[in-house]
Structures are given as structure tokens and as C-alpha cells.
Amino acid sequence: MKPLSVEVYPVYICSSCNSRHCESMDYINKVGKILCGCGNVMKLDGIETFKITPIYKTPTPKKDSPPSQRAQHTDDESDDTYSLAALKEKTTQETQQKQTELPANEFEQSVSLLMRLGWKKRESEHKTRVLYEQWYQENEQLIGPENFDEFANYLFFNHSN
Ligand SMILES: [Zn+2]
């Protein structure tokens with residue numbers, strides 16, 4: 001689920017001693033000043049609100065991590081977490097690259113095909129990515145305008161799985 005709101009705590013740095021002060025919005029608007037440990041009094045401007053927009057991560061399907069690399073994970077796990085993280089990142093990059101291998105035009109056609117079959121836009125986009133991944137693993141064949149029919153057919157028979 002997505003958050004309803006976000007809590008923000010403005011941070012002030014004392015101009016005399018560089019101490020860091022983190023205060024609640026309530027405090028800032030009610031008290032309006034901070035007495036620093038060094039004796040400096042800081043006057044705070046009232047704050048109406050902050051405009052913060054979340055940027056969500058794109059979800060990556062779990063099954064995309066190949067079994068061979070998973071086995072390797074368990075071997076390496078105890079001694080080298082750094083390379084594990086690197087390996088994970090590499091896998092993610094490969095996955096993203098593979099997903100974009102379906103050209104934009106064909107991707108859109110697939111999405112609209114699935115929407116005509118009754119899926120919502122978001123579902124259709126997700127299914128297109130997953131099924132393309134699946135298609136690619138089964139056929140090791142890229143899809144372009146010349147063979148899009150084959151993939152459309154594949155979508156048609158596999159979309160409800
Ligand atoms: Zn200070």
C-alpha cells in the first residue's frame with residue numbers, strides 16, 4: 001500500500017556553533033525559536049507545509065533471478081556480502097534491460113491487446129513484461145514488427161495463467 005502522509009522534521013543549524021537542531025512542525029509554529037546550547041537564540045520562520053511527492057520504485061518480478069545465480073548466492077553469502085550486493089544489482093540491471101527489449105511499439109500493442117481481453121492497463125503492462133520474459137526464456141527469440149503476430153498469439157493463449 002501507499003502512505004497517506006509523510007512526517008517532516010525541519011533541521012536547523014546554529015549559526016554560532018554549527019549545532020544541529022531537528023524540530024517538529026508543531027514546535028516551529030508554536031514556539032518559533034530555538035535556544036541553542038551555546039546560548040544563541042534562533043528565530044524560526046513559520047511553516048505552512050512541505051510539498052513532498054513520493055517516487056515509487058518499479059517492482060521487479062521475483063522469478064527473474066536465474067536459479068544458477070541463486071545457488072551461487074548461498075555459496076558466497078557468508079564470506080562476501082559486498083559481491084552479493086553487486087551480483088544482485090547486476091541481475092536487476094539485466095532484468096531491466098531484458099524487459100526493454102520488447103520495442104515500445106510492440107509493447108503498446110501487447111498492452112492494448114490485453115486490455116481488449118479485459119485486463120486493466122497496469123495489469124496489462126505487468127503481464128506484457130512477465131510474458132515477454134517467459135517467451136524469451138522459452139524461445140530465445142526477440143520480438144519486432146516482423147514477428148509480433150507470434151508474440152500476440154502467445155499472449156492470447158497465456159495471459160490468463
Ligand atoms: Zn549554537
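Up top is the structure these notes are about.
Definitions and limits used
Residue numbering note: each chain is counted from 1, following its sequence as written. Totals for whole chains, interfaces and linings use all residues, but because this is a predicted model, local features are given only for residues with pLDDT of at least 70 and pairs of side-chain atoms are given and counted only at 80 or more. Labels follow the DSSP assignment, with helices taken as runs of H or I lasting at least four residues and strands as runs of E lasting at least two, numbered in each case from the N terminus. We call a residue exposed when 12 or fewer other C-beta atoms sit within 10 Å of its C-beta, buried when the count reaches 20 or more, and partly exposed for counts in between; the C-beta positions come from the backbone. By definition, residues are in contact whenever their C-beta atoms, placed on the basis of the backbone, come within 7 Å of each other. For a helix, the expected span equals 1.5 Å multiplied by the residue count minus one. Residues enter a nonpolar core if they are buried, belong to Ala, Val, Leu, Ile, Met, Phe, Trp, Tyr or Cys, and are joined to the set through C-beta atoms within 7 Å. Axis definition: a line fitted to C-alpha atoms, over the contacting stretch in the case of helices. Angles run 0 to 180 degrees between N-to-C directions. Should an angle lie under 35 degrees it is considered roughly parallel, over 145 roughly antiparallel, and from 65 to 115 roughly perpendicular; all remaining angles are considered oblique. By convention the crossing between two helices is left-handed if the near helix lies anticlockwise of the far one by an angle smaller than a right angle, and right-handed if it lies clockwise. Note that Gly is not counted as nonpolar here; it falls among the polar residues with everything else outside the nonpolar set of Ala, Val, Leu, Ile, Met, Phe, Trp, Tyr, Cys and Pro and the charged set of Asp, Glu, Lys and Arg.

Caption draft 1: Region of interest: the overall build of the chain. Helices and strands together make up the secondary structure of the chain, namely six helices and four strands. Reading the chain from its N end, one meets helices and strands in the order β-β-α-β-β-α-α-α-α-α. Out of the 161 residues in the chain, the part that is buried amounts to 9%. Restricting to contacts in the chain with at least 6 residues of sequence separation, those with at least 24 account for 39%.

Caption draft 2: Looking closely at helix α5 (residues 121-139). The terminal C-alpha atoms of α5, which comprises 19 residues, lie 26 Å apart, in line with the 27 Å expected from a rise of 1.5 Å per residue. Among all positions of α5, only S124, K127, T128, R129, L131 and Y132 are buried. At the exit of α5 stands E140, carrying a positive phi of roughly 45°.

Caption draft 3: Representation of the nonpolar core. By size, the foremost hydrophobic cluster in this structure holds eight residues: L102, V111, L114, L131, Y132, I143, F151 and L155. Those elements giving two or more residues to this core turn out to be α4 (104-116), α5 and α6 (148-158). In this view, L114 contacts W119, S124, K127, T128, L155 and H159; residues no more than four positions away in its chain are not counted.

Caption draft 4: Spatial organisation of the environment of F156. Here F156 lies in helix α6. C-alpha of F156 to C-alpha of L113: the two residues are 43 residues apart in sequence and 8.3 Å apart in space.

Caption draft 5: Summary view of unusual backbone geometry. With a phi angle near 65°, N18 is a residue other than glycine that sits in the positive phi range. Within the chain, E140 stands out as a residue other than glycine whose phi angle is a positive 45°. Among the secondary structure elements, E140 is positioned in the loop between α5 and α6. Taking the C-beta count within 10 Å as the criterion, E140 has 7 such neighbours and is therefore assigned exposed.

Caption draft 6: Local environment of α4. Taking 1.5 Å of rise per residue, 13 residues should cover 18 Å, and α4 covers 18 Å from first to last C-alpha, within 8% of that figure. Considering only its buried residues, α4 is in contact with α5 and α6. Backbone geometry just downstream of α4 places G118 in the positive-phi region, at approximately 110°.

Caption draft 7: Inspection of the packing of α4 against α6 at higher detail. Where α4 contacts α6, the axes come no closer than 11 Å and their chain directions differ by 30°. Of the possible angle classes, the one that applies to α4 and α6 is roughly parallel. For the pair α4 and α6, the crossing hand works out as right-handed. When α4 is examined against α6, the residues E106, Q109, S110, L113 and L114 are found in contact with a partner set consisting of F148, F151, A152 and L155. Partitioned by chemical class, the residues of the contact of α4 with α6 number six nonpolar, two polar and one charged.

Caption draft 8: Region of the structure containing the environment of C14. Inspection of the secondary structure puts C14 in the loop between β1 (11-13) and β2 (20-22). Between the C-alpha atom of C14 and that of L35, which follows or precedes it by 21 residues, the distance is 9.5 Å. The contact partners of C14, leaving out residues within four places of it in the chain, are S19, H21, C36, C38, N40 and M42.

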